[in-house]
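Breakdown of the fold
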Amino acid sequence: MGEEKQKCCQCGCGGKDEFLEKIFNEYQPIKDNLIQILNEVQEHYGYVPMHAQKAISEFLNVPMAEIYGVVTFYSRFTLKPKGKYNIAVCLGTACYVKGSQKIMDRLKERLKIEAGETTPDGKFSIEETRCVGACGLAPVFTVNGEVYGKATVQKMDQVLDELSKEG
Amino acid sequence: MEENLVTLTIDGVEVKTKKGTTILEAARQAGIDIPTLCFLKDINEMGDCRMCIVEVEGRRGFATSCIQTVEEGMVVHTHTPNVLEARHVILDLIISNHAKDCLTCTRSGNCELQTLAVKFNVLNVEFPGEMTKHKIDDLSPSIVRDFNKCILCRRCVAACKNVQKIGAIDCINRGFESCISTVGDHSLNDVNCTNCGQCIQACPTGALHEKETIDDVWVKLKDPEAYVVVQTAPAVRVALGEEFGMPIGTNVTGKMVTALKRLGFDKVFDTNTGADFTIMEEANEFVERFTQNGVLPMITSCSPGWVKYIEMNYPELLPHLSTCKSPHQMFGALVKTYFAQKEGIDPSKIYMVSVMPCIAKKFERQREEMKNEGLYDVDNVITTRELSRMIKQANIEFEKLEDSTFDNPMGEATGAAAIFGTTGGVMEAALRTAQDTLTGQNLEKIDFEQVRGGDGIKRATVNIAGKDVKVVAASGLANAQKIMEEIKSGKADYQFVEIMACPGGCVMGGGQPIKSSKIRREVDVRKLRADALYSIDEKSTIRKSHENPVIKQIYAEYLEKPGSHIAHKLLHTHYVERPKYNI
Amino acid sequence: MKTLEQIHKIREEKRKELDLRVNTQADTREKHILVCHGTGCTSSKSPEILENFRKILKEKNIENVRVIMTGCFGLCAKGPIVIIRPEDTFYSNVTPDDCEEIIQTHIVEGKRVERLLCKDIDGSIVNSLDELNFYKKQKRIALKNCGVIDPEEIDEYIAFDGYKALEKVLKEMTPDEVIETIKASGLRGRGGAGFPTGKKWEITKGYEADQKYVVCNADEGDPGAFMDRSILEGDPHSVLESMMIAGYAIGANKGYIYIRAEYPIAVKRFQKAIDEARDYGILGKNIFETDFEFDVEIRLGAGAFVCGEETALLESIEGKRGQPRVKPPYPAECGLWGKPTLINNVETYANITRILLNGAEWYSSIGTEKSKGTKVFALGGNVNNIGLVEVPMGTTLREIVFDIGGGIPNNREFKAAQTGGPSGGCIPAEHLDTPIDYESLKAIGSMMGSGGLIIMDDTKCMVCLAKFYLEFTVSESCGKCTPCRIGTKRMLEILERLCSGEGTEFDIYRLEKLAANIQKASICGLGQSAPNPVISTLKYFREEFRQHAIQKECKTLECKALSKITINEEKCKGCGLCQKHCPVNAIEGEGRNKRVINQDKCIKCGTCLTSCPFKAIGN
């Protein structure tokens, strides 16, 4: 986690996280704001780093275990950075009925990781989502938020091949 | 007050009870027991486990009797076939995800889940399936977490987060993967845990227990080279009997001493004597601070959970903390110096065992500051529960034992020392000595009723030698936090503060016999144990620490006077600022 | 800040200007190109289409034509949708490259672009929206403004009677009169349970407190449902206005809307609505020159289905894990931060303004005896017209599936419909004529739910369907109470056993026992309704469960371990097409010989089934 050390030193020796400072200026230090703040942190870092949890714990005067409990409760919050390409397959009913599970299975098979995980090279991560609201295009998957509709196993293969080439 | 009464029917019995009473409590009043698991009176009232469900006529689904309150005309049925089937299924499900190694579990025989399984005649698991797997965390010197035995009742979380306002543990993850853990699943040793052990007291199963160290004691007792000395804390003697089926609050001092002697300890001493030393030093420190414009208020330091708490949370207030070691540490230091010298024993051969109502003492004893000449003051701390296990292992029939007395030359203690075991006791004992010191008289008024009782915070103003001294005794870390905030903000004008980490003080310590939720619902365990201590005090011929002849003798022979150089070296300590999280 | 007078003026002038949106005969030389910006169309590039239109118009110096972004038109399957008004020409499946042609042919030359005109299921060209079967049986109340106005323009909302209901309420009605009107309308909660809305308001008003709250539940989590999102994206002000009316009625001055963070467009548009309303002085203090004050804040959900449960939602707003509270006490008495709180869902609010403007009598004339008004459904699965539909209560399932939905694709049979998502149940063909209302659905073991309506054809295995929903519940259970935390997991394990051929008949008994007890003993609606998909599939498709358990057989291809594909010797003509398509070379035989499937190699993908021109392959 060399990258994280750079962002903010764990020992509290003075390494500052400008983003967190900005957030702490915007919010009142009351517990009700925990989820709002976590949403911002997740959005900014792509995950909720431990140093941010520690800083939020001090800012809101909430024990770290409770913050960790909230982070691990909500599926939007993740503890590890997502891959460069985060591929989310919709497993909502409309997509499921149209075969999205097959696409998910194929994706896991190709990347050799499970949903919620990131490939060792940090390139891909897989996510399960429930309805991105593009039911008209079912089944769908998204790559970094961009929707690929009327998906098939072949289409998934194609997209993976392209992204792999892009590096 | 008729309008505040509600009449309802439970299992055909008409019950009149106060408005706002829960169905569970109303049933209890009518002599009807409803099974519970997650419920712990005043601590955890969430309705999560669903064991306490009952049927209420005209209501869809079940009512949750531990939290839902009575209504006029309500008709409740606590054991219809529907309710029984649902409870059975729930129990089955809990057991299906519970490590079933009862024979080798420390809580076997005192496990609320086991009790229910027996009651419900669960002979096989009807709905078996995948079990959640957790690694055992035994890195803390005080607490072991084996969450393969956790049933997610969350009583420990409530105790830690709400009662103590620590929040070292919480519920993490979601759904079937939910578990109770620390931030990042780190060891308790690396987070803001104070080792108070209230979580253990709350746990209905064996998921949380003390780090047991009785095997080390057995090894030393077997070792002919070792001179094994034991001391027992004030609160142990009024609780140990419970482990042998005696009523809560039975004073078993005599039997306990006999049992310890039979176990083979070379000397059986009383931590109460150590407590008298603590009073001598602490009262002296207070008088010095009080008369010489020292840092006030002075705060007591005999509760190690509390000490770790202030080190982690209010390091800026550490100068307020008395530098006195806790009684058993003082006593250990004296055993390895004064006693060793007097008896001609090599101190390195002495193995000092403390029997404590506390698991934070397990942490305290291994602090680097608790050493003298390279030797730890105390070599092992075992809890009241662990002592009972040793007695059982030795097959000693405790109830049938004759009484005997502590060994000399350090076996004399006062009534003042006895009440150390309850909240307000240290304060009262110190005031007895301080007022005599300040007035130079032998005052007769020695009962300080204002600091007695079960309240979490007890404030009082006492007049000593014509001066008003404002004091406060707080127990439970949530209350400690309140007092610290008062001091920090400058609002407090106390001169003397007593803090105990455990609500109610040492009688309710993390190492004491564990009482089921049902017992805690029905009787005031704290009061019964505390009353026993006050009764010891009352019956004592000497009730002021400075009048203890042993104390006088040792000061005369060895320690010179309270606050002397040698007293400081052996009986005082210092504190460090600690990070809350080492992660 | 706008005075009331200014707002009246905006309404009057803007309404004239926008007449062409709703009147094909409008007297105007203007044209409006409406580009759908619902999530479905947005993800198929409708923003690019909108940009292209604007660019081309500018290049060509064309005046009197405006390009408008709108909310969802409903017929998502045909998206992206472009409609040109006043003539109401309906172009479907438009791509950014088509813009040039549409401008040139339609706008400049005044002719229609035939190839882009929407076609109905039977292939006939649709001249205008109303001609489409999809819309014929619909009645749009909650969705009235969706697809008509630009959701990011408060003036457009005001033009179509926006904030008129609020003004009426504040100036002419007492809180009790408002509540009476809602009660008389017969409106019931659209979140699923169907509690009478007016009664909920009355109860909440009845609790005295120094502070009360109005909350809008927009944590639409039912997989395959997007009604609330479409309303927020297409008509955010209507929800905002209704929340204010609710605030006035119950005596609250603070509102929260809890929206899924996965709905970024809805969040953005609702925030814009709040900002615009504040700018106009509609939100804030002294609203419409009265003493009434109100403000609203957005709270984002962070991906937990259980937060759709009202008490879990409150916990989440308070910054905690979304774990439901035991009820009673209900939020009306003890809600947000322990204060009386009114919680309704988006669609419920969307009906409020219409009721107050048109009267309770008008509203209660729509629907059935006990279920008044309309209901919005997100129609999905194996049905031709996937999209958003709003129908009067009492419409039958058959009408929705076959008339509005255009039937089942690929000439397959209708097997079942699923309503209510993971909390609901399935409805078999024998109940196709059930009128859709709260009571009727409940009577046949399903529920209204929030409005997900998924159609399944005969290729779907019902045991798998039950498993799918249990997987969902297990992953979304909060873990607070035992029956839901462990019980649903055990149910899922049993279903997994059944689907992999390891189940027994006793497992079916286990399933039923667990289901019954989880239903009764769980704390919240999620747990209490989690067994519903199993109970209802067991009720109607018990034989299928028994086939899985006893014969170890699955008639569909979904349970790979239990299905076997074979070639009917008599029907096979030896054409070899199946062999050509098989991805794993599992089909053996040469020349004109009959083909045989090597069961060891077959992966049951089903490719051969669809490739056989003689229907000789079956399972």
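Residues numbered from 1 in each chain as written. Chains lettered and ligands numbered in written order. Predicted model: local features only at pLDDT ≥ 70, side-chain atom pairs only at ≥ 80, totals over all residues.

Description of the overall build of chain C
Scanning chain C from N- to C-terminus turns up 26 helices and 17 strands. Radius of gyration (C-alpha) of chain C: 26 Å, near the 25 Å computed for a compact globule of 619 residues. In terms of its C-alpha atoms, chain C occupies a principal-axis envelope of roughly 85 × 65 × 40 Å. Of all 619 residues assigned to chain C, the portion counted as buried reaches 57%. By sequence separation, contacts in chain C at least 24 residues apart represent 71% of the contacts at least 6 residues apart. (Helix = DSSP H or I, 4+ residues; strand = E, 2+ residues; numbered from the N terminus. Rg over C-alpha atoms; globule rule 2.2 N^0.38 Å. Buried ≥ 20, exposed ≤ 12 C-beta atoms within 10 Å, placed from the backbone. Contact = placed C-beta atoms within 7 Å.)

So, the interface of chain C and chain A
Taken together, the 38 residues of chain C in the interface contact 31 residues of chain A. At the level of elements, helix H3 (39–43), strand S9 (374–381) and strand S13 (452–457) of chain C are the ones that each hand at least two residues to the side of chain C that touches chain A.

Considerations on the pairing of strand S7 (residues 295–301) of chain C
Within a regular beta strand, the side chains point alternately toward one face of the sheet and then the other, so they alternate between its two faces. Residues and elements named next belong to chain C. Pairing of strand S6 (residues 254–260) with S7, which is carried by seven bridges, proceeds in the parallel orientation. Paired with Ile257 across the two strands is Ile298, which belongs to S7. Traced from S6 through helix H13 (residues 264–279) to S7, the parallel crossover comes out right-handed. (Pairing = 2+ DSSP bridges. Right-handed = clockwise from strand over helix to strand, strands pointing away.)

Topic: the sheet that holds strand S2 (residues 124–129) of chain A
Adjacent strands of a sheet form backbone hydrogen bonds with each other and so pair up, either parallel or antiparallel. All names here are of chain A. One open sheet holds the four strands; their spatial order is S2-S1-S3-S4, and the pairing between them is mixed. This sheet does not close on itself; its edge strands, each paired only once, are S2 and strand S4 (146–148). When strand polarity is set aside, the average angle formed by the axes of neighbouring strands in this sheet is 25 degrees. The pairing of strand S1 (residues 85–90) with S2 spans six bridges and is parallel. Residue pairing for S2: Cys90 is matched across the bridge by Thr129. Across the face of the sheet, helix H7 (residues 100–111) comes into contact with S1, S2 and strand S3 (141–143) while running at roughly 150 degrees to S1. (Axes fitted to C-alpha atoms, helices over the stretch in contact; angles between N-to-C directions.)

A look at the domain arrangement of chain B
Note on interface size: it is often stated as the accessible area lost on association of the parts. Residue and element names in this part refer to chain B. Each assigned domain of chain B is listed with its residue range as follows: domain 1 (2–93), domain 2 (127–210) and domain 3 (215–571). A separation of 28 Å is found between the C-alpha centroids of domain 1 and domain 2. Counting residues at the interface gives ten residues for domain 1 and ten residues for domain 2. Broken down by class, the residue content of the side of domain 1 that touches domain 2 amounts to seven nonpolar, one polar and two charged. (Domains from an automatic or database assignment. Nonpolar A, V, L, I, M, F, W, Y, C, P; charged D, E, K, R; others polar.)

Structural notes on the nonpolar core
Ranked by size, the top nonpolar core spans 403 residues in total, and within it A:Val140 and C:Ile245 carry the most contacts. Here the element with the most residues in this core is helix H19 (residues 462–476) of chain C; it accounts for ten residues. When sequence neighbours within four positions are dropped, the list of residues in contact with A:Val140 reads A:Cys90, A:Cys95, A:Val132, A:Ala134, A:Val147, A:Tyr148, A:Gly149 and A:Ala151. Within the second largest apolar cluster, eleven residues are counted, among which are C:Ile565, C:Cys582, C:Cys612 and C:Ile617. (Core = buried A, V, L, I, M, F, W, Y, C linked by C-beta atoms within 7 Å.)

Looking at the interface of chain B and chain A
Counting from both sides, the interface comprises 15 residues of chain B and, opposite them, eleven residues of chain A. In terms of residue class, the side of chain B that touches chain A is made up of eight nonpolar, five polar and two charged.

Digging into the sheet that holds strand S19 (residues 496–500) of chain B
Residue and element names in this part refer to chain B. Strand order in this open sheet of four strands is S12-S19-S18-S17, and the pairing throughout is mixed. The sheet is open, and its two borders are formed by strand S12 (298–299) and strand S17 (457–464), each paired with just one other strand. With two bridges joining them, S12 and S19 adopt parallel strand pairing. Looking across to S19, one finds that Ile299 is bridged to Val497.

Here we look at helix H1 (residues 4–17) of chain C
Residue and element names in this part refer to chain C. Look at H1: 20 Å from first C-alpha to last across 14 residues, which is about the 20 Å you get at 1.5 Å a residue. Regarding H1, the residues found buried are Ile7, Arg11 and Lys14. Mapping the buried residues of H1 onto a view down its axis gives an arc of 90 degrees, with all of them on the same face. Seen from the open side of H1, the exposed residues pointing more than 90 degrees away from its buried face are Glu5, Gln6 and Glu12. (Expected span 1.5 Å × (residues − 1). Arc of directions from axis to C-beta.)

Regarding helix H8 (residues 271–291) of chain B
Over its 21 residues, H8(B) extends 30 Å from the first C-alpha to the last, a length consistent with the 30 Å expected when each residue adds 1.5 Å. Looking one or two places after H8(B), you find B:Asn293, whose phi comes out positive at around 55 degrees.

With respect to unusual backbone geometry
Cis rather than trans, the peptide bond between A:Ala138 and A:Pro139 has omega equal to -10 degrees. Within the secondary structure, A:Pro139 sits in the loop between S2 and S3. The phi dihedral of A:Asn61 falls on the positive side, at around 55 degrees, and the residue is not glycine. Within the secondary structure layout, A:Asn61 lies in the loop between helix H4 (50–60) and helix H5 (64–73). Of note, the phi angle at C:Asn64 is positive, near 65 degrees, even though the residue is not glycine. Positionally, C:Asn64 belongs in the loop between helix H4 (46–59) and strand S2 (65–70).

Some thoughts on the packing of helix H9 (residues 175–185) of chain C against helix H12 (residues 236–250) of chain C
Residues and elements named next belong to chain C. The geometry of H9 relative to H12 is characterised by a closest axis approach of 7 Å and an angle of 120 degrees between their N-to-C directions. The orientation of H9 relative to H12 falls into the category oblique. Handedness of the H9/H12 crossing: left-handed. Along the contact surface, H9 presents Pro175, Val178 and Ile179, while H12 presents Ile245, Tyr248 and Ala249. In terms of residue class, the contact of H9 with H12 is made up of six nonpolar, no polar and no charged. (Parallel < 35°, antiparallel > 145°, perpendicular 65-115°, else oblique. Left-handed = near helix turned anticlockwise from the far one by under 90°.)

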